Amino acid sequence: MKTLLQVVRRILPLQLQNPSFPASNNWRRFCSYQLSNSLPPPNSKLFVGGLSWSVDEKSLRDAFSSFGEVTEVRIMYDKESGRSRGFGFVNFLKEDEATCAKDAMDGKAFLGRPLRITFALDKVRGAPVVVPRLPKNGNAIWRNR
DNA sequence: GTTGAGCGTT
């Protein structure tokens, strides 16, 4: 009596028979593996979304400086209205400081709105911009990676 | 008095 898994393995192409493909029936683990594998890699710079309109760079720096040495804070503003676009970047001296700040602050309310923090994308000249989708759980889902 | 996902004015 062949198990379903044995049948599947016989008919699947070899590329799909690799260690990341579920050898057991644990699809939940497989999906979370794929998800975590698609997150932005750790970086000393954080993308901070979900900012209240009224947050400025000074208050953002103050909120993050307790996790490490903040080397740069930038909030994106609309060019004509001058209003905050609701997201910005916080750069730390060290990557583990950024990781610490992200873990501590992601999802935490700041001036009434929950922050959505991921590691910033590497801005690579000449490369096509891969736009991540940010679902409600705050984890970025990437394509082409 | 508005709006609410997203990746950046040198």
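As annotated in an unreviewed UniProt entry, chain A is Glycine-rich RNA-binding 4, mitochondrial from Olea europaea subsp. europaea.

Colleague: Can you walk me through the environment of leucine 60 in this structure?
Modeller: Within the secondary structure layout, leucine 60 lies in helix α3 (residues 57-64). Of the residues examined, leucine 60 reaches a relative accessible area of 0% and is grouped as buried. Taking C-alpha positions, leucine 60 is 9.1 Å from phenylalanine 110, a pair spaced 50 residues apart along the chain.

Colleague: Teacher, can you tell me more about the nonpolar core here?
Modeller: Here is a general trend for soluble globular proteins: nonpolar side chains tend to be buried in one another's company. Leu46, Val48, Leu60, Phe64, Val90, Phe92 and Leu115 are the most contacted members of the largest nonpolar core, which totals 19 residues. Those elements giving two or more residues to this core turn out to be β1 (45-49), α3, β2 (70-77), β3 (84-92), α4 (95-105) and β6 (116-119). When sequence neighbours within four positions are dropped, the list of residues in contact with phenylalanine 92 reads Ser44, Leu46, Phe64, Phe67, Gly68, Glu69, Val70, Thr71, Glu97, Ala98 and Ala101.

Colleague: Help me understand the pattern of salt bridges, please; the structure alone is not making it clear to me.
Modeller: Side chains carrying opposite charge are able to pair once their charged atoms draw close together. Within the structure shown, the criterion is met by 3 salt bridges. With a shortest N-O distance of 3.1 Å, lysine 58 and aspartate 62 are connected by a salt bridge. In this pair, lysine 58 and aspartate 62 are both assigned in helix α3, 4 residues apart and thus about one turn of the helix distant. With a shortest N-O distance of 3.3 Å, arginine 74 and glutamate 72 are connected by a salt bridge. Using a relative accessible area of 30% as the deciding quantity, one classes glutamate 72 as partly exposed.

Colleague: It is not clear to me how the packing of aromatic side chains should be interpreted in this structure. Could you clarify?
Modeller: Aromatic ring pairs are defined here through the distance separating the ring centres and the angle between the ring planes. Tallying each qualifying case throughout the model produces 4 aromatic pairs. When the centroid spacing of 5.6 Å and the interplanar angle of 35° are considered together, the rings of phenylalanine 47 and phenylalanine 87 count as tilted. You can see phenylalanine 47 sitting in strand β1 and its partner phenylalanine 87 sitting in strand β3, a full 40 residues away along the chain. A single burial state applies to phenylalanine 47 and to phenylalanine 87, both of which are buried. Among the aromatic residues, those joined into a cluster by ring pairs are Phe47, Phe87 and Phe89.

What counts, and where the lines are drawn
Residues numbered from 1 in each chain as written. Chains lettered and ligands numbered in written order. Predicted model: local features only at pLDDT ≥ 70, side-chain atom pairs only at ≥ 80, totals over all residues. Heavy atoms only, no water. Helix = DSSP H or I, 4+ residues; strand = E, 2+ residues; numbered from the N terminus. Buried < 20%, exposed > 50% of the residue type's maximum accessible area, 1.4 Å probe, protein only. Core = buried A, V, L, I, M, F, W, Y, C linked by side-chain atoms within 4.5 Å. Contact = heavy atoms within 4.5 Å. Salt bridge = Lys/Arg side-chain N within 4 Å of Asp/Glu carboxyl O. Phe/Tyr/Trp six-rings, centres within 6.5 Å; stacked < 30°, edge-to-face > 60°.

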